[in-house]
Amino acid sequence: MRLPTVAGAEVPTEYLSLADEEMIDRIEDHKARLGQRLVILTHQYQRPEIVDRGDYVGDSFELSRKAAQSDAEYIVFCGVQFMAQSAEILRKEFQKVYHPDLTSGCPMADMGDMDDVQYAWNQITEIVGEDRIVPITYMNSFADLKAFVGRNGGAVCTSSNARAVLEWAFRHFEKVFFLPDEHLGRNVGKRIGIAKDRMAVWNFRKKSDPLGGLTEQEIRQADLILWKGYCHVHAHFKLADVEKVRTEHPDAVVLVHPECLEEVVDAADAVGSTSFIARFVQSAPDGTKIAIGTEIHLISRLARDHPGKIVFSVKRSMCGNMFKISLHDLLYTLDHLDEGVNLISIPDDIRQDARLALEKMLQIT
Ligand code: 13P
Ligand code: SF4
């Protein structure tokens, strides 16, 4: 579900002529003036000048936990819509959550359209029975999909806790319907021991096929039914790219994000969330060569912050949505907090159900 907004997000033209130094000074003035009343959360993929203004930088799990723990009156979330929505769902009564560019969406979250998901769920549960299967959604989904998962007893997961959440799910249910990232689901499913022939992929694009390209038998046999969504930023990395790095830099360690294709993850030395990657680079000894398969802004910032290490990308891949939030957007939002510019709001019924799924994740991990 795309975000409803209270006020338009268009930055007035007078902001566009401001120099970076002036915007940074004004943002820092707001932070000093508001003190503990304001918290700025920034995702690892944000532009470096935005990360540098944040109170916290983290992966999507760390930021959702920070949002849930914060007592700040104003939570300004610099990430993409689904992350800011999650902060809005978890916020306390007196808090307000802002997203400095409400148009920063996510093509993978768009792939989890609720009509398609509800249709698939109805078909699957008719075949296997509702009490044997639970839906799990990746954080990278909109609030209405999280609400569906909450209503049906499931949980949200992120790239850093997907294993723990899937293990929880399989302790309580025979089968899991995993949305919307096929690759994260498969990579984690494989690591917890689910055999290839016990995974099935529901292809929501096959509209004319009543069972998403599967047979009744395949649905009955599958322990893990994966939704055929993907992140184009991570699906961009191919096995040949990792092999090229291995040939050209045989001394490099290869790190990739679990949204990458199965063969890319299998060929890497380590796999983990954006913060796992950041921590790995931080703790590596000087001189270590590290090739990374994830969004380019994180890699560039890690290279900037760790000049003693050789940090480079497996191949350049950028998330245009993560790039959207600029100093202009952040300053404009902070200048108009009480007017509700870029304020997020979610209908109460969706919020309540989605909260169940997010809180379950926070309990599990
Ligand atoms: P994490 O922050 O969980 O690593 O997720 C990366 C991502 O794709 C965010 O959009
Ligand atoms: Fe969506 Fe991928 Fe961008 Fe994350 S990196 S916001 S999953 S498109």
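To be clear, the structure that these remarks concern was listed above.
Residues numbered from 1 in each chain as written. Chains lettered and ligands numbered in written order. Predicted model: local features only at pLDDT ≥ 70, side-chain atom pairs only at ≥ 80, totals over all residues. Heavy atoms only, no water.

S.K.: Just to check I follow, could you spell out the environment of Val265 for this structure?
M.R.: Among the secondary structure elements, Val265 is positioned in helix α14 (residues 262-267). For Val265, a relative accessible area of 4% corresponds to the buried category. Considering only alpha carbons, one finds Val265 and Ala164, 101 residues apart in sequence, at a separation of 19 Å. Excluding residues within four positions of it along the chain, Val265 makes contact with Asn187, Arg191, Val256, His257, Pro258, Cys260 and Val271. (Helix = DSSP H or I, 4+ residues; strand = E, 2+ residues; numbered from the N terminus. Buried < 20%, exposed > 50% of the residue type's maximum accessible area, 1.4 Å probe, protein only. Contact = heavy atoms within 4.5 Å.)

S.K.: I would appreciate a short explanation of the site of ligand 2 in the present structure.
M.R.: The environment of ligand 2 is formed by Tyr45, Val80, Cys106, Pro107, Met108, Asn140, Cys231, His232, Val233, Glu259 and Cys319. For the shell around ligand 2, the secondary-structure elements that each account for two or more residues are α6 (107-110) and α12 (232-235). When its residues are assigned to classes, the shell around ligand 2 shows 8 nonpolar, 2 polar and 1 charged. (Near = heavy atom within 4 Å. Nonpolar A, V, L, I, M, F, W, Y, C, P; charged D, E, K, R; others polar.)

S.K.: Looking at this model, I keep getting lost on the nonpolar core. Mind explaining?
M.R.: The nonpolar side chains of soluble globular proteins are, as a tendency, buried together. Core analysis: the largest hydrophobic core is formed by 90 residues, its most contacted members being Ile136, Phe177, Phe178, Trp202, Ile219 and Ile292. Take this core: its biggest share by element is 7 residues, from helix α7 (residues 114-128). One finds Leu18, Leu330, Tyr332 and Val341 within the second-largest nonpolar core, a separate group that totals 22 residues. (Core = buried A, V, L, I, M, F, W, Y, C linked by side-chain atoms within 4.5 Å.)

S.K.: What am I meant to see in the site of ligand 1 here?
M.R.: Neighbouring ligand 1 are 14 residues; His43, Ser60, Ser159, His257 and Glu259 lie closest to it. At 2.7 Å from an oxygen atom of ligand 1 is found a side-chain nitrogen or oxygen belonging to Ser60. One of the side-chain nitrogen or oxygen atoms of Ser159 is found 2.7 Å away from an oxygen atom of ligand 1. When the free accessible area of ligand 1 is taken as 300 Å², the share hidden by the protein chains comes to 95%. Of the residues assigned to the shell around ligand 1, the class counts are 5 nonpolar, 7 polar and 2 charged. (Polar contact = N/O pair within 3.5 Å; in protein donor to acceptor, adjacent residues only side chain to side chain. Areas by Shrake-Rupley, 256 points an atom, 1.4 Å probe, with all protein chains shown as cover.)

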